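# Report on the structure
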Amino acid sequence: MGVRLQATAMCLMLFSSCLLVVVVCAGDDDDWGFSDEEWKSATATFTKETNDSITTEGACGYGNFHKTSYGEYSAGLSTALFNKGSTCGGCFGVRCVDHILYCLSGSPSIVVTATDFCPPNYGLPAEYGGWCNFPHEHFELSEAAFIEIAERRADIVPVQYRRVSCYRRGGVRFTLTGNGNYLQVLITNVGSDGEVVAVKIKGAKTGWMPLARNWGQYWQGCIDLKGQPLSFEVVASSGALLTSYNVAPANWQFGQTYEGKQF
């Protein structure tokens, strides 16, 4: 009895936090959509990882990027671009420009997915080490992605970027975690513009219920839907709406990933 009361109290605290969040809340990219969007100026560096991803976790909560399809074409964004995590999953065309020594000939572009946060370092100037200081716009790429647009020997290069559409294999994926009457959903492999701005969930015995962003692309709610098949409604930042019915079966389990439709 005491454990149940404690869990209920914790869920109520999380729910109030959710409400607060809601209120506050490779290749040429010309074929990736958003082609009319203007190129904007930024800078880029790279970090070397043995598996060619920028990290193994990331501030968006994606975990092993290779399992969620982002792989080596992932990027950490500075504060100005990260937008408190709402940009997670968004796709960007990036090309190196205006550096005859470091930019590759013809300024080829790559498409990367926002999967991590590049924290500021206000102890260093933006020109040397403080590349991710606000309001600087900066991309921290994997080494594998960086060398497709610039020489590996470069420390930092000027780039241009623009938003592009995300093309994903398979449907949008929903990973369920939680405990008792607290449910958390990690949403990955999102097409369209890649950014999720609103999520609703529905059990077989309920109507549609909104979930609140916890962090990155983790969405949460204080609800108990065990024993019910789950449906999801996802809204992209473009306003596109995707509804996937009965994504998870009635015997769904925490720690499992289920696949729905795609934009």
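Residues numbered from 1 in each chain as written. Predicted model: local features only at pLDDT ≥ 70, side-chain atom pairs only at ≥ 80, totals over all residues. Heavy atoms only, no water.

### Considerations on unusual backbone geometry
Cis geometry is found at the peptide bond from F134 to P135, where omega equals 5°. Its identity is not glycine, yet N83 carries a phi of approximately 55°, on the positive side. Within the secondary structure, N83 sits in the loop between α2 (79-82) and β3 (91-96). The class for N83 is partly exposed, based on a relative accessible area of 46%. If you check the backbone angles, S192 has positive phi at about 60° while not being a glycine. (Helix = DSSP H or I, 4+ residues; strand = E, 2+ residues; numbered from the N terminus. Buried < 20%, exposed > 50% of the residue type's maximum accessible area, 1.4 Å probe, protein only.)

### Focus: the environment of V172
One can find V172 in the loop between β6 (157-164) and β7 (173-179). Relative accessible area serves as the criterion here: at 0%, V172 is assigned to the buried category. It is 9.3 Å that separates the C-alpha atoms of V172 and V234, two residues lying 62 residues apart in sequence. For V172, the residues in contact, after removing those within four places along its chain, are I187, T188, N189, V190, L242, Y258, E259, G260, K261, Q262 and F263. (Contact = heavy atoms within 4.5 Å.)

### Thoughts on the pairing of strand β13 (residues 241-248)
Of the strand pairs in this sheet, strand β12 (residues 230-236) and β13 are connected by five bridges, and their pairing is antiparallel. Of the residues in β13, the one forming a bridge with F232 is S244. Taking the residues between adjacent antiparallel strands as the criterion, β12 and β13 are bridged by four residues, where G239 takes a positive phi near 100°. (Pairing = 2+ DSSP bridges.)

### Looking at the sheet that holds strand β1 (residues 40-47)
Ordered in space as β1-β5-β2-β4-β3-β6, the six strands form a closed barrel in which the pairing is mixed. In this sheet, adjacent strand axes meet at a mean angle of 45° when their direction is disregarded. Relative to strand β5 (residues 138-142), strand β2 (residues 74-77) runs antiparallel, the two sharing three bridges. Pairing of L77 across the sheet is with F139, part of β5. (Axes fitted to C-alpha atoms, helices over the stretch in contact; angles between N-to-C directions.)

### Observations regarding the sheet that holds strand β8 (residues 182-188)
The strand order β13-β12-β9-β10-β11-β8-β7-β14 describes an open sheet built from eight strands, whose pairing is antiparallel. Either end of the sheet is taken by a strand with one partner, and the two such strands are β13 and β14 (257-259). The sheet shows a mean angle of 30° between the axes of neighbouring strands, taken without regard to direction. Looking at chain direction, strand β9 (residues 196-202) and strand β10 (residues 209-215) are connected through three bridges and run antiparallel. Note that in β10 the partner of V199 across the bridge is L211.

### Quick notes on the state of the cysteines
Taken as a whole and assessed by the stated rule, the structure comprises four disulfides. The partner cysteine of C91 in its disulfide is C166, sulfur to sulfur 2.0 Å. Here the disulfide of C91 and C166 is right-handed, its torsion about the S-S bond being about 125°. Linking C91 in strand β3 with C166 in the loop between β6 and β7, this pair joins segments that are 75 residues apart in sequence. Note on C166: relative accessible area 4%, which makes it buried. With a sulfur-sulfur separation of 2.0 Å, C96 is cross-linked through a disulfide to C103. As the torsion about the S-S bond is roughly -70°, the C96-C103 disulfide counts as left-handed. Its relative accessible area of 1% is what places C96 among the buried residues. (Disulfide = S-S within 2.5 Å.)

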